[in-house]
Amino acid sequence: MASSHCFQNPPELDPACGRGKVVEDFGGQKAYVAGSVEAKAAVVLISDAFGFEAPKLREIADKVALSGYFVVVPDFLHGDPYAVGHPNPLQWLQSHDPEKAFEEAKPVIAALKEKGISTIGAAGYCWGAKIVVELAKAREIQAAVMSHPSFVTVDDIKEVKCPICVLGAETDQFSPQELVKQFEQVLSENSQIFPGVTHGWAVRYSDDDEAAVKSAEEAFADMTGWFDKYLK
């Protein structure tokens, strides 16, 4: 079961936000896309429980696109993001299985390859991190980043087949520091625990909180640095 942290600081969703555009069918999924289709590398961003209409998620997508990537943010929640006050969060989670979304992600990756994009990375937040780790296990992508992951286990990490970066929070009921450190021991790869932040900080924060903004910017820099290293 997801922790209460998964549903804190909900964004105000806006279907019209972002500099990119929404397409009705990208690999079978409605998606927000940004960047040039002539790009040689792509990044798939996978949302947390609040879905692909979150303004800060689309802002991240736009910024990644400015780094030279074609970016796809699929709506794996199919127009049904978590709503604050939902009477049964567990029921919502059961009806939005990350394993099902992983299967839906495969045609999205295939659609990118059909466009001639040879190197593909994926980044996921909270709920979306589980999809990313499954893609990494299945050799579907060449680089992965997980921010404050949920549902990801040490056994998952042991099966990862590509470079993966894990960005954890100092305070996180679902991926506590001890678990992130176990991931690091398995991977011998990059992982970082951000001090003074809680689950969700990388994509759900207040612009009025200077410390939160700084931490989110550092997480973004780590993510893009990772993709630049392994996708370009």
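Residues numbered from 1 in each chain as written. Predicted model: local features only at pLDDT ≥ 70, side-chain atom pairs only at ≥ 80, totals over all residues. Heavy atoms only, no water.

Colleague: Explain helix α3 (residues 98-114) to me, and be specific about the residues and the numbers.
Modeller: Taking 1.5 Å as the rise per residue, α3 with 17 residues should run 24 Å; its terminal C-alpha atoms sit 24 Å apart, in good agreement. Residues P98, A101, F102, E104, A105, V108, I109, A111 and L112 constitute the buried set of α3. Buried residues belonging to α3 abut β1 (21-26), β2 (29-34), β3 (41-46), β4 (70-74), β5 (119-125) and α4 (127-137). Between the side-chain oxygen of the N-cap and the backbone nitrogen of E99 there are 3.0 Å, and the N-cap of α3 in question is D97. (Helix = DSSP H or I, 4+ residues; strand = E, 2+ residues; numbered from the N terminus. Expected span 1.5 Å × (residues − 1). Buried < 20%, exposed > 50% of the residue type's maximum accessible area, 1.4 Å probe, protein only. Contact = heavy atoms within 4.5 Å. Polar contact = N/O pair within 3.5 Å; in protein donor to acceptor, adjacent residues only side chain to side chain.)

Colleague: Go over the packing of aromatic side chains, please, and point to the residues and values.
Modeller: By the definition in use, this model includes five aromatic pairs. Between F50 and Y82, the ring centres sit 6.2 Å apart and the planes meet at 75 degrees, which makes this aromatic pair edge-to-face. One end of the pair, F50, is in the loop between β3 and α1 (55-66); the other, Y82, is in the loop between β4 and α2 (89-94), with 32 residues separating them in the sequence. By the burial criterion, F50 is buried, and Y82 matches it. Each ring, one from Y82 and one from W92, has its centre 5.6 Å from the other, and the planes form 85 degrees; the classification is edge-to-face. Linking Y82 in the loop between β4 and α2 with W92 in helix α2, this pair joins segments that are 10 residues apart in sequence. Each member of the pair, Y82 as well as W92, is classed as buried. Taken together, the ring pairs connect F50, Y82 and W92 into an aromatic cluster. The residue whose ring lies beneath R58 is F52, and the NZ or CZ to ring-centre distance is 4.9 Å. (Phe/Tyr/Trp six-rings, centres within 6.5 Å; stacked < 30°, edge-to-face > 60°. Lys NZ or Arg CZ within 6 Å of the ring centre and 35° of its normal.)

Colleague: Give me α4: which residues, what numbers.
Modeller: α4 sits mainly inside the fold: 11 of its 11 residues count as buried. Positive backbone phi, approximately 60 degrees, marks R139, located one or two places after α4.

Colleague: Residues and numbers for the packing of α3 against α4, please.
Modeller: Where α3 contacts α4, the two axes come as close as 9 Å, and the packing angle between them is 60 degrees. The orientation of α3 with respect to α4, classified from their angle, is oblique. Between α3 and α4 lies a crossing whose hand is right-handed. Two secondary-structure elements touch here, α3 through P98, E99, A101, F102, A105 and I109 and α4 through W127, K130, I131, E134 and L135. (Axes fitted to C-alpha atoms, helices over the stretch in contact; angles between N-to-C directions. Parallel < 35°, antiparallel > 145°, perpendicular 65-115°, else oblique. Left-handed = near helix turned anticlockwise from the far one by under 90°.)

Colleague: So, the packing of α1 against helix α7 (residues 210-231): which residues are in play, and what are the values?
Modeller: It is at 11 Å that the axes of α1 and α7 come closest, and there the two elements cross at 40 degrees. With respect to α7, the axis of α1 lies oblique. Here α1 and α7 pass one another in a crossing that is right-handed. On the side of α1, the interface is formed by I60, K63 and V64, while α7 contributes F220, M223 and T224.

None of this, on its own, says anything about what the molecule does.
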